[in-house]
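# Observations on the model geometry
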Number of protein chains: 2
Amino acid sequence: MTHKTTAEVGEFGLIDRISAIVKPTLAASPGLIAGIGDDCAVWHPAADMTEVASTDLLLEQVHFDLLTTPVKHLGSKAISVNVSDICAMNAIPRHALVSIAVPPSFPVEMIEELYRGMEAAAREYGIAIVGGDTSRSPSGLVLSVTVTGEAEEANITYRKGAEPGDLVCLTGTLGGSAAGLRVLTREKLIMMEHIEHNEAYEGSIMADLKEYSGAIQQHLLPLARLDIVRFLHERRAHPSAMIDVSDGLGQDLGHICSASGTGALLQENRIPVNSTARLIADELQDDALGWAIGGGEDYQLLFTMPHEEYQKIADNRDISVIGEITPKEQGILLKDIYGIEIDLQSLPGFDHFR
Amino acid sequence: MTHKTTAEVGEFGLIDRISAIVKPTLAASPGLIAGIGDDCAVWHPAADMTEVASTDLLLEQVHFDLLTTPVKHLGSKAISVNVSDICAMNAIPRHALVSIAVPPSFPVEMIEELYRGMEAAAREYGIAIVGGDTSRSPSGLVLSVTVTGEAEEANITYRKGAEPGDLVCLTGTLGGSAAGLRVLTREKLIMMEHIEHNEAYEGSIMADLKEYSGAIQQHLLPLARLDIVRFLHERRAHPSAMIDVSDGLGQDLGHICSASGTGALLQENRIPVNSTARLIADELQDDALGWAIGGGEDYQLLFTMPHEEYQKIADNRDISVIGEITPKEQGILLKDIYGIEIDLQSLPGFDHFR
């Protein structure tokens, strides 16, 4: 297989290749009038719907490391993190605009892999990749993704809106992403050492990673919880406030409380910690609960709901009630398994937790 | 004046400062429900309107040089180049999402200047800056801007749609941006030399730049031609095809012809060359027409229109007719002042022109 650089295929050659990969996603948008190929993407908003939009900028060495991140997974994740923001508004994602800046030496085949990952994620969520921008980067790979979505105005859920007495609900489990990152970082160090000593990096070491795959997958290929948004719509259950857990449970709950003017009391024993994260924490003598609360990047949905509203969704085993919204004066607290209340906001970072 | 780094104010401190600067722009959007501060921006699309969206990624050392670009101008330009794409669809810009990645040493005051430039441009065009993302950059400054807009579907103008016999029309003048860049690059080299030899870089040298300001301004602070889009709407004059001149007249006309399946014949003596560009070309013994045709970044609108439609706008002195659309077989030609026809597509770059 011959590898071509972007310089060899040129900007328009690259755009042609990218267009061919993302074209199948266009069918997902019933309102789409024009995708890639003009100065703008063009679409009809659905009648009586409200538009939402979110954007994320991802840089090599800041947000990802190509030594530990397969480029196809990176493409999927770039789409997922933005779709997760749309889900956090209780809205349905529709269109994506994707820009990349690529170092001159970057092989075109890797850019195609990146877009194949985006295409796979777009298919998963039913969104259309309708436009973007390509350019050269002087150093690392840069990715910028903007996703638009829509919702009935009455359905849109903000960070504000939580009321004392509301239940604090969480989808899935936490800590997997942070644990996966720890394993990948350790693996990278081992690999670098082998390279330094001119030793082969054997496949047998890689095989060991299998038992960690539940956490590694959560880090490399997180899924936005669009399934939960659809479920909430089906049950006509309306959260009073919602956010996605990208910064970490402690910080993201803080955003809800600060926007809503409330406090919160979480129960440690209710927090669903990823089981692989527990396994990894035991091995590394680290703290899985710390990862769950401070790790971030799990892209689960954190929402609040009055008790009676929660009855509509109580049968869903993938949604845990982890605490309750309290008046602002009571602060944002975690009651640990010994009954001791810890101020979640006073914890600067979760390496220092406990 | 004390300078703070982004590390000192932190991500949320920075977001607070940015929010304060862009907040005045929110009033421009009648449909806006939520701007910066939640997971997404939220707005009502205007009834019966079609949405358009464009995005651009700008990197230090690739798209701009902070040694020759005041950071406030950079902010304005980042907005303008995206608004120009919206204008190229014959649409009205509405909302902007802005992401930045900043080197750790970058002073917060410079980021504020950057956003002040964006705010000024947003005010100029009547758009609201409704969201974005901020992060650290390992090397240079990175800017990503997405702008959405709206138009009646019947008004939207694509690159395709030009027909043989249509007039080729152009707003303003060309070549100013390329000429301005030449002057700024020369000035940077002089400055670098002075620094190398430990000599003072005197203000008296700067003063000479005044006579070039018509070109330098065109490079640093290009204005998207939203005024022309509004004028076309007022006159109910509909272009058959349109693009903004970002890559250069030759290449951008090529995009219209290739999308429309046509050729074109331009008249050299009709091409409006920026007068300061002519002055600078004389001084540098360079070719102003080459800059006009190949230079790019002038952000004028290039459109085609049937003769009878053009009658509605013929009194506008800021719109020049520079040629005519021809059948595809005739190619894309420029007839020079001696009557010789040159193939515009065969010219690889305009340093080689003539």
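Residues numbered from 1 in each chain as written. Chains lettered and ligands numbered in written order. Predicted model: local features only at pLDDT ≥ 70, side-chain atom pairs only at ≥ 80, totals over all residues. Heavy atoms only, no water.

Looking at an unreviewed UniProt entry, chain A carries the name Thiamine-monophosphate kinase, with the source organism given as Chlorobium luteolum. Quoted straight from UniProt, the Function (unreviewed entry) entry for chain A says "Catalyzes the ATP-dependent phosphorylation of thiamine-monophosphate (TMP) to form thiamine-pyrophosphate (TPP), the active form of vitamin B1." Here chain A is described in UniProt, under the heading Sequence similarities (unreviewed entry), as follows: "Belongs to the thiamine-monophosphate kinase family." (UniProt positions renumbered as here; feature names shortened; annotations may be inferred.)

## Notes on the UniProt feature "binding site: Mg(2+) 5" (unreviewed entry) in chain A
Under the present numbering, the feature "binding site: Mg(2+) 5" (unreviewed entry) in UniProt falls on Asp247 of chain A. The residue Asp247 of chain A is located in the loop between strand 8 (241-244) and helix 8 (249-260) in this model. With residues near it in sequence (within four places) discarded, Asp247 of chain A still touches Asp252, His255, Gly294, Gly295 and Gly296 of chain A together with Phe12 of chain B. (Helix = DSSP H or I, 4+ residues; strand = E, 2+ residues; numbered from the N terminus. Contact = heavy atoms within 4.5 Å.)

## With respect to the packing of helix 4 (residues 176-196) of chain A against helix 6 (residues 213-220) of chain A
Residues and elements named next belong to chain A. Running from N to C, helix 4 and helix 6 cross one another at 100 degrees; their axes reach a closest spacing of 7 Å. One finds that helix 4 runs roughly perpendicular with respect to helix 6. Contact with helix 4, carried on its side by Gly176, Ser177, Ala179, Gly180, Leu181, Val183 and Leu184, involves Ala215, Ile216, Gln218, His219 and Leu220 of helix 6 and no other residues of that element. Taken together, the residues of the contact of helix 4 with helix 6 sort by class into seven nonpolar, five polar and no charged. (Axes fitted to C-alpha atoms, helices over the stretch in contact; angles between N-to-C directions. Parallel < 35°, antiparallel > 145°, perpendicular 65-115°, else oblique. Nonpolar A, V, L, I, M, F, W, Y, C, P; charged D, E, K, R; others polar.)

## A closer look at the pattern of salt bridges
Applying the stated criterion to the full structure yields 26 salt bridges over all chains. Across the salt bridge formed by Glu283 of chain A and Arg186 of chain A, the nearest N and O atoms sit 4.0 Å from each other. Of the two residues, Glu283 of chain A is situated in helix 9 (residues 275-284) and Arg186 of chain A in helix 4; the sequence distance between them amounts to 97 residues. Taking relative accessible area as the criterion, Glu283 of chain A reaches 43% and is therefore assigned partly exposed. One salt-bridge network, held together by shared partners, links Asp38 and Asp39 of chain A together with Arg159 of chain B. (Salt bridge = Lys/Arg side-chain N within 4 Å of Asp/Glu carboxyl O. Buried < 20%, exposed > 50% of the residue type's maximum accessible area, 1.4 Å probe, protein only.)

## Describing the relation of the copies chain B and chain A
Between the two copies, chain B and chain A, the superposition gives an RMSD of 0.0 Å; the rotation angle is 180 degrees and the shift along the axis is 0.0 Å. Accordingly, the operation relating the two chain copies is best matched by a two-fold axis. A shared interface surface links the copies, since 100% of the contact residues of chain B are contact residues in chain A too. (Least-squares fit on C-alpha atoms with pLDDT ≥ 70 in both.)

## Re the interface of chain B and chain A
At the junction of the two partners, chain B supplies 54 residues and chain A supplies 54 residues. Our count for the contact surface shared by chain B and chain A stands at 15 residue pairs in polar contact (both at pLDDT 80 or more). Ranked by residue count, the leading element in the side of chain B that touches chain A is strand 3 (residues 50-59) of chain B, at nine residues. Counted by class, the side of chain B that touches chain A contains 26 nonpolar, 16 polar and 12 charged residues. Relative to strand 2 (residues 41-43) of chain B, strand 3 (residues 50-59) of chain A is paired through three bridges, and the arrangement is antiparallel. Its bridge partner lying in strand 2 of chain B, Glu51 of chain A is registered against Trp43 of chain B. (Polar contact = N/O pair within 3.5 Å; in protein donor to acceptor, adjacent residues only side chain to side chain. Pairing = 2+ DSSP bridges.)

## Digging into helix 7 (residues 226-234) of chain A
Residues of helix 7 of chain A that are buried: Leu226, Ile228, Val229, Phe231 and Leu232 of chain A. Immediately downstream of helix 7 of chain A, the backbone of Arg236 of chain A shows phi near 50 degrees, a positive value.

## Observations concerning the sheet that holds strand 6 (residues 142-151) of chain B
Two strands in a sheet stick together by hydrogen bonds in their backbones, pointing the same way (parallel) or opposite ways (antiparallel). Strand order in this open sheet of six strands is 1(A)-2(A)-3(B)-6(B)-4(B)-5(B), and the pairing throughout is mixed. Looking at the sheet topology across the chains shown, the edges are occupied by strand 1 (32-34) of chain A together with strand 5 (128-136) of chain B. Ignoring strand direction, the axes of neighbouring strands in this sheet form an average angle of 20 degrees. Along the sheet, helix 1 (residues 6-22) of chain B contacts strand 4 (92-102) and strand 5 of chain B; its crossing angle with strand 5 of chain B, the most-contacted strand, is approximately 170 degrees. This element, helix 3 (residues 108-125) of chain B, spans strand 4, strand 5 and strand 6 of chain B of the sheet and lies at about 170 degrees to strand 4 of chain B.

## Points about unusual backbone geometry
Of note in the backbone geometry, Glu297 of chain A takes a positive phi value of approximately 60 degrees without being a glycine. Mapped onto the fold, Glu297 of chain A is located in the loop between helix 10 (288-294) and strand 10 (301-305). A positive phi angle is found at Gln285 of chain B, which is not glycine, with a value near 50 degrees. Relative to the helices and strands, Gln285 of chain B resides in the loop between helix 9 (275-284) and helix 10 (288-294).

## A look at the confidence of the model for chain A
Reading predicted coordinates in detail is not appropriate for stretches of low pLDDT. Predicted confidence across chain A gives a mean pLDDT of 91, with 95% of residues reaching 70 or more. A low-confidence stretch, residues 349-354 of chain A (pLDDT under 50), is modelled with 15 contacts involving residues beyond four sequence positions or located in other chains. (pLDDT = per-residue confidence, 0-100.)

## Notes on the domain arrangement of chain A
Residues and elements named next belong to chain A. Taken as a whole, chain A is organised into domain 1 (6-155) and domain 2 (167-180 + 215-346). Between domain 1 and domain 2, the C-alpha centre-to-centre distance is 28 Å. Listed by partner, the interface residues are 22 residues for domain 1 and 20 residues for domain 2. Interface of domain 1 and domain 2: buried area, both sides summed, is about 1700 Å²; carbon and sulfur atoms make up 61% of it. Remark: the boundary between domain 1 and domain 2 carries one salt bridge. Residues Lys77 and Glu297 are paired through a salt bridge, measuring 3.1 Å at the closest nitrogen-oxygen approach. Connecting domain 1 to domain 2 are six residue pairs in polar contact (both at pLDDT 80 or more). For the side of domain 1 that touches domain 2, the secondary structure elements donating two or more residues are helix 2 (71-87), strand 4 (92-102) and helix 3 (108-125). If you tally residues by element for the side of domain 1 that touches domain 2, the top one is helix 2, at nine residues. Of the residues that constitute the side of domain 1 that touches domain 2, the class distribution is 11 nonpolar, eight polar and three charged. (Domains from an automatic or database assignment. Buried area = accessible area lost by both parts, 1.4 Å probe.)

## As for the sheet that holds strand 4 of chain A
Across the sheet, which stays open at both edges, the six strands sit in the order 5(A)-4(A)-6(A)-3(A)-2(B)-1(B) with mixed pairing between neighbours. The sheet is open, and its two edges are formed by strand 5 (128-136) of chain A together with strand 1 (32-34) of chain B, each paired on a single side. In this sheet, neighbouring strand axes are inclined to one another by 20 degrees on average, regardless of whether the strands run parallel or antiparallel. Direction of pairing for strand 4 of chain A relative to strand 5 of chain A: parallel, over a ladder of eight bridges. Following the sheet pairing, Ala101 of chain A is matched in strand 5 of chain A by Ser135 of chain A. Here helix 1 (residues 6-22) of chain A sits on the sheet in contact with strand 4 and strand 5 of chain A, set at roughly 170 degrees to strand 5 of chain A. Contacts between helix 3 of chain A and the sheet are confined to strand 4, strand 5 and strand 6 (142-151) of chain A, with strand 4 of chain A contributing the most and set at about 170 degrees to the helix.

## With respect to the pairing of strand 12 (residues 332-335) of chain B
All names here are of chain B. Where strand 9 (residues 262-267) lies against strand 12, four bridges are found, and the strand directions are parallel. By the bridge assignment for strand 12, Leu266 is matched with Leu334. Where strand 12 and strand 13 (residues 341-343) come together, three bridges link them in antiparallel fashion. Its bridge partner lying in strand 13, Leu334 is registered against Ile342. A loop of five residues connects strand 12 with strand 13, the two strands running antiparallel in sequence, and Gly339 in this loop sits at a positive phi of about 85 degrees.

## Let's talk about helix 6 of chain A
Inspection of helix 6 of chain A places Ala215, Ile216, Gln218, His219 and Leu220 of chain A among the buried residues, and these make up the whole buried set. Buried residues along helix 6 of chain A sit against helix 2, helix 4 and helix 9 of chain A.

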